[in-house]
Amino acid sequence: MKKKIAVVIVTFNGEIWIKKNLNSLLNSNYPIEIIIVDNASTDKTINIIKEFSSIELIQNKNNLGFGKANNIGIDFALKNGADAVFLLNQDTWIYENTISNLVEVSAQNPNLGVLSPLHYSADEVTLDTNFNTYFNRFTNEEDAESIRIVPFINAAAWLVSKECFTKIGFFDPIFSHYGEDRNFCERVKFHGFKIGVVKNAAFCHDRIVKLNPNKIELQSKYLVLNQMINCNKSLFNSIFLGLKSVFGLSKFHFSNQGALNTISLFFKLLLYYFNLLLNIRMILQIRENSIKGTNGVLPL
């Protein structure tokens, strides 16, 4: 009996990608159900989606961000009998055998809670730059012929088993955009699952990564937060690593920000760190939710 796979896509003003994305999914050689959660798009995204009659469309009144919107789709998928959920970004397209190859590996390796295909750039030849960095963070013992086990992979295309969601929860709603996938991966490892990249599955991600001071600040803050709530570390170690990140991230971004922006970033991160300490009850609650596996799970 084939596993029931639901594809969840969060959209926001994605008119330039969504038709190619959906056509690629409909050409998959593995039967799927498609669920789109739209974050109040103001372009033609909704009109394009409605051209596809077989798609379940959930329209949010406001932009809830990546994690919360995905949680709505995940919750809908699992309550409607999905055995696994394939989370896919709107600015992507897959190949005919992408999902079937992921499902085959998942069935043979139930300890792999998160599986990702190879991430290619829009040219369909070059590996995505960020993905290539994550893909190369492994040890020889973790690199098999068909699967590479990694500590983290960004959530542009994840196949996540029902068992994984049931045990660890969904995306933590404290993250608006950025950081939620890293936190999820830490919880995956805490609960005994692994994260793998399937080498014979691939998709394309049509994006150009651009850094600006606001984006760097937000991503850096969420990296500090992730250190503080990492349930794989003791609270004392997490607090220490959070402070260490304040200094480390400021130093890391010096080359692309310059002295003035780096000094500004440092003090913003330091203030953010101390605000987290003042909200230690919130930190403790998130850590407790991580241990219980209740992060982001929607009420019945």
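Residues numbered from 1 in each chain as written. Predicted model: local features only at pLDDT ≥ 70, side-chain atom pairs only at ≥ 80, totals over all residues. Heavy atoms only, no water.

**Student:** Help me understand the nonpolar core in this model?
**Tutor:** Side chains that are nonpolar tend, in soluble globular proteins, to be buried together. If you look at the biggest cluster of nonpolar residues, it comprises 37 residues, and the most contacted ones within it are Ile74, Val85, Ile153, Trp158, Phe165, Phe184 and Val188. When near neighbours in sequence (up to four residues on either side) are disregarded, Ile153 contacts Ser116, His119, Phe131, Tyr134, Phe135, Trp158, Cys185, Ile195 and Val197. (Core = buried A, V, L, I, M, F, W, Y, C linked by side-chain atoms within 4.5 Å. Buried < 20%, exposed > 50% of the residue type's maximum accessible area, 1.4 Å probe, protein only. Contact = heavy atoms within 4.5 Å.)

**Student:** I'm lost on the layout of surface pockets in this one. Help?
**Tutor:** A water-sized probe rolled over the atoms picks out the places where empty space is left. Taken as a whole, the largest pocket holds about 1,800 Å³ of empty space. In this structure, the largest pocket is lined by 50 residues; those nearest its centre are Asn130, Tyr134, Tyr178, Asp181 and Gln219. Within the residue set of the lining of the largest pocket, elements represented by two or more residues are strand E1 (5-11), helix H3 (65-79), strand E4 (84-89), helix H5 (129-135), helix H7 (180-190), helix H8 (213-229) and helix H9 (235-252). No other element matches H8, which puts 7 residues into the lining of the largest pocket. (1 Å grid on protein atoms, 1.4 Å probe; cavity = no way out; pocket = protein on both sides within 12 Å on 5 of 7 lines; lining within 4 Å. Points joined across faces, edges and corners; volume = space filled by probe spheres on them. Helix = DSSP H or I, 4+ residues; strand = E, 2+ residues; numbered from the N terminus.)

**Student:** How should I be thinking about the pattern of salt bridges in this particular structure?
**Tutor:** For side chains of opposite charge, pairing can occur when their charged atoms come near one another. This structure, assessed with the given rule, holds 8 salt bridges. Among the ionic pairs, Glu186 bridges to Lys189, the shortest N-O distance being 3.4 Å. One end of the pair, Glu186, and the other, Lys189, are both in helix H7, 3 residues apart, so they sit about a helical turn from each other. Assessed through its relative accessible area of 33%, Lys189 is described here as partly exposed. Among the ionic pairs, Glu217 bridges to Lys268, the shortest N-O distance being 3.3 Å. Placement of the pair is Glu217 in helix H8 and Lys268 in helix H10 (residues 254-278), with a sequence separation of 51 residues. Judged by its relative accessible area of 15%, Glu217 falls in the buried class. Lys268 gets classed as partly exposed once you look at its relative accessible area, which sits at 36%. One salt-bridge network, held together by shared partners, links Glu217, Lys221 and Lys268. (Salt bridge = Lys/Arg side-chain N within 4 Å of Asp/Glu carboxyl O.)

**Student:** What am I meant to see in the pairing of strand E2 (residues 32-38) here?
**Tutor:** A regular strand carries its side chains on alternate faces of the sheet. With respect to burial, E2 is a largely interior element, 5 of its 7 residues being buried. Where E1 lies against E2, 7 bridges are found, and the strand directions are parallel. Within E2, the position partnered with Val7 by the bridge is Ile34. Note that E2 and strand E3 (residues 56-59) share 4 bridges and pair parallel. Opposite Asp38, over in E3, you have Gln59 as the bridge partner. (Pairing = 2+ DSSP bridges.)

**Student:** Looking at this model, I keep getting lost on the packing of H8 against H9. Mind explaining?
**Tutor:** Two elements in contact, H8 and H9, have axes separated by 7 Å at closest approach and are oriented at 160°. By the angle between their axes, H8 is roughly antiparallel relative to H9. Crossing geometry of H8 relative to H9 is assigned as right-handed. For the pair formed by H8 and H9, the contact residues are Ser220, Leu223, Val224, Gln227 and Met228 on the first element and Ser238, Ile239, Leu241, Gly242, Ser245, Val246 and Leu249 on the second. Of the residues in the contact of H8 with H9, the class split is 7 nonpolar, 5 polar and no charged. (Axes fitted to C-alpha atoms, helices over the stretch in contact; angles between N-to-C directions. Parallel < 35°, antiparallel > 145°, perpendicular 65-115°, else oblique. Left-handed = near helix turned anticlockwise from the far one by under 90°. Nonpolar A, V, L, I, M, F, W, Y, C, P; charged D, E, K, R; others polar.)

**Student:** What should I look at first to understand H3 in this one?
**Tutor:** Turn by turn, an α-helix covers 3.6 residues, leaving residues three or four places apart pointing in a common direction. Taking 1.5 Å as the rise per residue, H3 with 15 residues should run 21 Å; its terminal C-alpha atoms sit 22 Å apart, in good agreement. Burial within H3 is extensive, with 11 of its 15 residues counted as buried. All of the buried residues along H3 are Gly65, Phe66, Gly67, Ala69, Asn70, Asn71, Gly73, Ile74, Asp75, Ala77 and Leu78. As for H3, its buried residues are in contact with E1, E2, E4, helix H6 (162-168) and H7. (Expected span 1.5 Å × (residues − 1).)

**Student:** I keep staring at the side chain of Thr92 and nothing clicks. Help me out?
**Tutor:** Take Thr92: it is sitting in strand E5 (residues 92-94). From its side chain, Thr92 meets the backbone oxygen of Asn89 in a polar contact 2.7 Å long. Once you skip the residues sitting within four places of it in the chain, Thr92 turns out to touch Asn21, Phe203, Cys204 and His205. (Polar contact = N/O pair within 3.5 Å; in protein donor to acceptor, adjacent residues only side chain to side chain.)

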